[in-house]
Amino acid sequence: MICATPEAFNDAIPNMGAIAGLDLGTVTIGVAVSDAMRSVATPLETIKRKKFGLDAARLLEISTNRLIAGFVLGLPMNMDGSEGPRCQATRAFARNLEKLTPLPIVFWDERLSTVAAERALIEADTSRKRRAEVIDHVAAGYILQGMLDRLAHIRTRA
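Residues numbered from 1 in each chain as written. Predicted model: local features only at pLDDT ≥ 70, side-chain atom pairs only at ≥ 80, totals over all residues. Heavy atoms only, no water.

A. Seen up close, the pairing of strand β4 (residues 41-48). Pairing geometry for strand β3 (residues 28-34) and β4, over seven bridges, is antiparallel. Of the residues in β4, the one forming a bridge with V31 is E45. (Pairing = 2+ DSSP bridges. Helix = DSSP H or I, 4+ residues; strand = E, 2+ residues; numbered from the N terminus.)

So this is what it looks like as structure tokens:
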């Protein structure tokens, strides 16, 4: 099920359980996971993209092993807020993934997540080579942390 809003996603997931954040690129998929209490996002791995079926199989394997309650996909909006071809590709990926899992899926505006991840890695004095290896799953961590913070806000208002 694809949820239109963070509020709908919050209603669709159980009160406890980890959530996975995804940074979909054309070559890789960055994956981050939260703790069961949904307070901290932790970068997990970068999947080298092959075919949708293989990529989805790895994501579903992660979701099973980590007891994932839902997926947050970074939506690569243009800086002016419009959606371009990469957003369309992300939405298509979500529609295809939705057919393979009952887990709820939601989108999160990922503008500047890679920039923030790059900045954090530079501040941590990470080598250029190492940054290239980890940037995607660190960016997924930023995407997921944004959603976790939003969900915490939703829960405190309820």
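B. Representation of helix α2 (residues 52-65) within the structure. The end-to-end C-alpha distance of α2 is 20 Å, a good match for the 20 Å that 14 residues give at a rise of 1.5 Å each. When α2 is considered as a whole, its buried residues turn out to be D55, A56, L59, I62 and S63. The arc that holds the buried residues of α2, viewed along the axis, is 120°, so those residues lie on one side. Residues of α2 that are exposed and point more than 90 degrees away from the buried face comprise T64 and N65. The secondary structure elements touched by the buried residues of α2 are β2 (18-24), β3, β4, β5 (68-75) and α3 (85-98). The positive-phi residue at the C-terminal boundary of α2 is L67, with phi of around 55°. (Expected span 1.5 Å × (residues − 1). Buried < 20%, exposed > 50% of the residue type's maximum accessible area, 1.4 Å probe, protein only. Arc of directions from axis to C-beta. Contact = heavy atoms within 4.5 Å.)

C. The arrangement of unusual backbone geometry in detail. Phi angles above zero are rare outside glycine, and R38 is one such case at about 60°. R38 gets classed as buried once you look at its relative accessible area, which sits at 4%. With a phi close to 55°, L67 is a non-glycine residue in the positive phi region. Of note, L67 is situated in the loop between α2 and β5.

D. View of the sheet that holds β4. Overall, mixed pairing links the six strands, which are arranged β1-β6-β5-β2-β3-β4 in an open sheet. Of all the strands in the sheet, the pair left with one neighbour each is β1 (2-3) and β4. Relative to β3, β2 runs antiparallel, the two being bridged by five bridges. Considered in β3, the bridge of D23 is made with G30. Each of β2, β3, β4 and β5 touches α2; the most contacted strand, β4, lies at about 150° to it. (Axes fitted to C-alpha atoms, helices over the stretch in contact; angles between N-to-C directions.)

E. Inspection of the pattern of salt bridges at higher detail. For the structure shown, the criterion picks out five salt bridges. For the salt bridge of R58 with E61, the shortest nitrogen-to-oxygen distance reads 3.2 Å. Of this pair, R58 and E61 both sit in helix α2, three residues apart, which is roughly one turn of the helix. By relative accessible area, which is 25% here, R58 ends up partly exposed. Taken together, the salt bridges that share partners define one network made up of E45, R58 and E61. (Salt bridge = Lys/Arg side-chain N within 4 Å of Asp/Glu carboxyl O.)

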